[in-house]
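Coordinate analysis (summary)
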Amino acid sequence: MESRYYETIHETGHLQVRFEPVFSPAGVFPAHWHEYVEILYIKEGLLSAIVQAAEYTLHANDLLIVNSGDLHMTRTSGCDYLILQVSDRQLRSYLPDFDRLRFDTIVHLQHSPENALLLSCLHAMETCFQDQMPHYELLFTSRLYDF
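My aim in this report is to walk through the structure given alongside it, one point at a time. Everything quoted here is computed from the prediction, not taken from an experiment.

**What to know about the nonpolar core**
Formed by 23 residues in total, the largest nonpolar core has its most connected members in Leu15, Val17, Phe19, Leu63, Leu84, Met125 and Phe140. Of all the secondary-structure elements, those providing two or more residues to this core are strand 3 (36-45), strand 6 (62-66), strand 7 (72-87), helix 2 (116-131) and helix 3 (136-146). Here this core takes five residues from helix 2, the largest share from any one element. Among residues more than four places away in sequence, those in contact with Met125 are Phe19, Leu84, Phe140, Arg143, Leu144 and Phe147. Membership of the second largest hydrophobic core comes to 13 residues, among which are Ile42, Ala49, Leu58 and Tyr81.

Laid out in structure tokens, this is it:
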């Protein structure tokens, strides 16, 4: 029998989101859900995801967006990615119609010049996070709002 569980998200320091670069070795992250919008940006490798019973294969420069409450799981033979998880609570405070929003599950950044700003913001967040200059949280948050 397939197991599903509620994942508790631990936000990163004072960022009020979870953000981290991840190198995932081969494996499966089992079916789960949470009250956060989850964004995975694939830097290198392949990642398979099942979101609400639909299967996706992600390549470098693809974004996977999992809406809050959606049941999802991933598997990979090895993948380098960024993870960004933003809580419902935070999104509701900035997007009054958040409860009616549904984000597209896959965004192919390399095929879409209009999404260049998304990629630029993700790279800027990653740089802020890695460098962690004094008060980097403010700069990170400004890039998050741009995103």
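After that view, the rundown keeps rolling.
**Let's talk about the side chain of Gln85**
Along the chain, Gln85 falls in strand 7. Note on Gln85: relative accessible area 0%, which makes it buried. Ignoring any residue separated from it by four or fewer positions in sequence, one finds Gln85 in contact with Glu7, Ile9, Val17, Arg18, His34, Tyr36, Val37 and Glu38.

**Considerations on the side chain of Asp62**
Tracing the chain through its elements places Asp62 in strand 6. No salt bridge forms around the buried Asp62; measuring N to O, its nearest opposite-charge neighbour Arg75 is 15 Å away. Non-local contacts of Asp62, meaning those with residues more than four positions away in its chain, are made with Leu40, Tyr41, Ile42, Thr57, Val107, His108 and Leu109.

**Comments concerning the state of the cysteines**
Chemically, a disulfide is nothing more than a covalent bond linking the sulfur atoms of two cysteines. Going through the model one piece at a time under the given rule, you end up with zero disulfides. Free cysteine Cys128: the closest other cysteine sulfur is in Cys121, separated by 10 Å. With a relative accessible area of 9%, Cys128 lands in the buried category.

**Description of the packing of helix 2 against helix 3**
Where helix 2 meets helix 3, the axes come as close as 9 Å, and the angle between the chain directions of the two elements is 165°. By the angle class used here, helix 2 and helix 3 are roughly antiparallel. Crossing angle aside, the handedness with which helix 2 passes helix 3 is left-handed. Residues Leu117, Cys121, Ala124, Met125, Cys128 and Phe129 of helix 2 pack against Tyr136, Leu139, Phe140, Arg143, Leu144 and Asp146 of helix 3. Here the contact of helix 2 with helix 3 is composed, by residue class, of ten nonpolar, no polar and two charged.

Cut-offs and rules
- Throughout this document, residue positions are counted from 1 along each chain, in the order its sequence is written.
- Local features are withheld for residues below a pLDDT of 70 in this predicted model, meaning they are given only at 70 or higher, and side-chain atom pairs are given and counted only at 80 or more; totals for whole chains, interfaces and linings count all residues.
- No hydrogens and no water enter the side-chain calculation; it runs on all heavy atoms of the structure.
- Buried Ala, Val, Leu, Ile, Met, Phe, Trp, Tyr and Cys residues form a nonpolar core when they are joined through side-chain atoms within 4.5 Å.
- Here's how the labels work: a residue is buried when its accessible area is under 20% of the maximum for its type, exposed when over 50%, partly exposed in between, all with a 1.4 Å probe on protein chains only.
- The helix and strand labels rest on DSSP assignments: H or I over at least four residues marks a helix, E over at least two residues marks a strand, and numbering proceeds from the N terminus.
- By the convention used here, residues are in contact when the closest approach between their heavy atoms is within 4.5 Å.
- Positive charges come from Lys and Arg alone, negative charges from Asp and Glu alone, with His and the N- and C-terminal ends not counted.
- What makes a salt bridge here is a side-chain nitrogen of Lys or Arg within 4 Å of a carboxyl oxygen of Asp or Glu, nothing more.
- Any two cysteine sulfur atoms lying within 2.5 Å of each other are counted as a disulfide.
- Orientation is described by axes fitted as lines to C-alpha atoms, over the contacting stretch for helices, and by angles from 0 to 180 degrees between their N-to-C directions.
- With respect to orientation, any angle under 35 degrees is reported as roughly parallel, any angle over 145 as roughly antiparallel, any angle of 65 to 115 as roughly perpendicular, and every other angle as oblique.
- Note on convention: the crossing is left-handed when the near helix lies turned anticlockwise from the far helix by less than a right angle, right-handed when the turn is clockwise.
- When residue character is reported, Ala, Val, Leu, Ile, Met, Phe, Trp, Tyr, Cys and Pro are called nonpolar, Asp, Glu, Lys and Arg charged, and the others, Gly included, polar.

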